Amino acid sequence: MKAILVKQPGGPEQLIVGDYEKPLPGPYELLVKVHATALNRADTLQRQGKYPPPKGASPLLGLEIAGMVEEAGFNCTKYQKGDKVFGLLSGGGYAEYAVINEEMAMPIPENLSFEEAAAIPEVFLTAWQALVWLGKLRHGERVLIHAGASGVGTAAIQLARALKAEVLVTASEGKLHACKELGAHKAINYKEVPFEDEVLAYTNSEGVDVILDFIAGPYFNQNLDCLRLDGRLVILASLGGGKVSEVDLRKILTKRLQVMGSTLRSRTKAYQQELTKDLSQIALPLFKEEKLKPVIDSVYSWEDVAEAHRYMEQNKNVGKIVLRVG
Ligand SMILES: NC(=O)c1ccc[n+]([C@@H]2O[C@H](COP(=O)([O-])OP(=O)(O)OC[C@H]3O[C@@H](n4cnc5c(N)ncnc54)[C@H](OP(=O)(O)O)[C@@H]3O)[C@@H](O)[C@H]2O)c1
């Protein structure tokens, strides 16, 4: 089969379409003819050799797919040849064929195209895990979502609104409007003003209950300042760096804060399957009713994958960058 290969660890120019062994479905696995996949930051890191795939995962890039079942492996009961499915992978999505455990596959709602479906799994599962499982966001609470226009951010805004929370986001200039269109009550241009001042001014100095953070080090102290009593900080990435020179831990103590970190790819299969089940039951009906939508910035042919990676690394996208496969 054809797949996108990394010639050697490095820049986007290392990505080429080449030949690779077609995978075989094992028990409980589906072989899927991939129609679309989508980019994640993890792909850019893996391309550079900085994020090796977990043990047992395909060494090919690609954490999510949408396509058609070509073959259902031994013991599969949920899907059959010809079904349209989408879902999260631990690797191998940048290819004509991929295998997915049938518990990780979700049926594509009829109103969504392959490109739209491919834009959902990673960011909606991540946002659901962070907001609901970890952040325990409840009806009527306030959440601050950093990088609100990122793939995960655009999913998180919609899910937080569906949970009836008040939503504040940070984003750069040209992306604020998109965040508001998706439902953010307050969008802060973090490049122009210190976000913590804006958060406290907007909330009458009360602060927020939950923060989803991708920046880490340079935001840590300000995040603590923005959290109210019993607040929860969920760190999902360290785009700004992983270190903090000084922290007053008494803020965590006196405000009874919880600081958490999480990754999705390294989670056990059972955890990922449970998360997929949870999201399918609650969010799939909302996609059908168009109360949730995949946010697609752009769709590239997979021959232009290098261009797509460059675009993501320039922080240009609002929402997801999708690759049409084949
Ligand atoms: N832990 C997990 O389970 C998990 C799962 C999925 C993704 N992630 C991580 O979450 C992050 C977001 O993923 P994504 O795919 O949604 O990303 P994305 O669509 O590529 O968006 C990232 C955005 O973050 C903002 N940004 C980048 N560097 C920044 C910095 N130093 N300071 C402030 N803002 C910065 C930029 O938006 P502005 O123009 O607004 O600055 C950029 O467009 C990535 O780091 C990814 O690896 C983690």
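Residues numbered from 1 in each chain as written. Predicted model: local features only at pLDDT ≥ 70, side-chain atom pairs only at ≥ 80, totals over all residues. Heavy atoms only, no water.

*Asks:* An account of the UniProt feature "domain: Enoyl reductase (ER)" (unreviewed entry) in the protein chain is needed here, citing residue identities and associated values.
*Replies:* Residues annotated by UniProt as "domain: Enoyl reductase (ER)" (unreviewed entry) correspond here to residues 10-323. Annotation note: span residues 10-323, helix share 30%, strand share 25%, distance between end C-alpha atoms 20 Å. (UniProt positions renumbered as here; feature names shortened; annotations may be inferred. Helix = DSSP H or I, 4+ residues; strand = E, 2+ residues; numbered from the N terminus.)

*Asks:* Just give me the short version of the site of the ligand, but keep the residues and values in it.
*Replies:* The ligand sits among 24 residues. The nearest are Arg41, Ser172, Lys175, Tyr190 and Ser262. Within the side chain of Arg41, a nitrogen or oxygen atom sits 2.7 Å from an oxygen atom of the ligand. Here an oxygen atom of the ligand sits 2.9 Å away from a polar atom, N or O, in the main chain of Gly151. Considered on its own, the ligand offers 920 Å² of accessible surface; in the complex 88% of this is hidden by protein. Going through the elements one at a time, α3 (121-134) and α4 (151-162) are the ones with two or more residues in the shell around the ligand. For the shell around the ligand, the class distribution of residues is 12 nonpolar, nine polar and three charged. Counting contributing residues per domain, the shell around the ligand is built from domain 1 (2-120 + 265-324) and domain 2 (123-261), each supplying no fewer than three. (Near = heavy atom within 4 Å. Polar contact = N/O pair within 3.5 Å; in protein donor to acceptor, adjacent residues only side chain to side chain. Areas by Shrake-Rupley, 256 points an atom, 1.4 Å probe, with all protein chains shown as cover. Nonpolar A, V, L, I, M, F, W, Y, C, P; charged D, E, K, R; others polar. Domains from an automatic or database assignment.)

*Asks:* Outline the environment of Arg324, listing residues and values.
*Replies:* Residue position: Arg324 is located in strand β15 (residues 320-324). Of the residues examined, Arg324 reaches a relative accessible area of 41% and is grouped as partly exposed. In the structure, Arg324 is positioned 223 residues away from Asn101 in sequence and 22 Å away in space, judged by C-alpha atoms. In this structure Arg324 touches His35, Glu115, Val299, Tyr300, Ser301 and Trp302, once residues within four positions along its chain are discounted. (Buried < 20%, exposed > 50% of the residue type's maximum accessible area, 1.4 Å probe, protein only. Contact = heavy atoms within 4.5 Å.)

*Asks:* Can you tell me about the environment of Lys293, naming the residues and giving the values?
*Replies:* For Lys293, the position within the fold is in the loop between α9 (269-288) and β14 (296-301). In this structure, the C-alpha to C-alpha distance between Lys293 and Ala117, residues 176 residues apart in sequence, is 9.5 Å. Sequence-distant contacts of Lys293, defined by excluding residues within four places in its chain, comprise Phe124, Gln158, Leu182 and Phe287.

*Asks:* Got a sec to walk through the pattern of salt bridges? Specific residues and values, please.
*Replies:* A full pass over the atoms with the stated rule returns 17 salt bridges. Across the pair Glu206 and Arg228 runs a salt bridge, and its minimum N-O distance is 3.8 Å. Of this pair, Glu206 sits in the loop between α6 (195-202) and β11 (208-213) while Arg228 is found in strand β12 (residues 227-235), placing the two residues 22 residues apart along the sequence. Among the ionic pairs, Asp248 bridges to Arg250, the shortest N-O distance being 3.0 Å. On the accessibility criterion, Asp248 (29% relative accessible area) is partly exposed. Residue Arg250 is classed as exposed on the basis of its relative accessible area, which comes to 57%. Each of Arg142, Glu166, Glu206, Asp209 and Arg228 takes part in salt bridges that share partners, so that together they form one network. (Salt bridge = Lys/Arg side-chain N within 4 Å of Asp/Glu carboxyl O.)

*Asks:* Talk me through the sheet that holds strand β8 (residues 142-145); I want residue IDs and the actual numbers.
*Replies:* On the basis of which strands lie adjacent, the open sheet formed by six strands has the order β10-β9-β8-β11-β12-β13 and parallel pairing. Edge positions in the sheet fall to β10 (186-189) and β13 (258-261), since each has one partner strand and no second. Averaged over all pairs of adjacent strands, the angle between their axes in this sheet comes to 15°, without regard to strand direction. Its contacts with the sheet place α6 against β8, β9 (166-171), β10 and β11, and it is angled at close to 155° to β10. (Pairing = 2+ DSSP bridges. Axes fitted to C-alpha atoms, helices over the stretch in contact; angles between N-to-C directions.)

*Asks:* Go over α4 with me, naming the residues and quoting the values.
*Replies:* If you check α4, its first and last C-alpha atoms are 17 Å apart, about what 12 residues at 1.5 Å a residue would give, namely 16 Å. Listed as buried for α4 are Gly151, Val152, Gly153, Thr154, Ala155, Ala156, Ile157, Gln158, Leu159 and Ala160. The positive-phi residue at the C-terminal boundary of α4 is Lys164, with phi of around 65°. (Expected span 1.5 Å × (residues − 1).)

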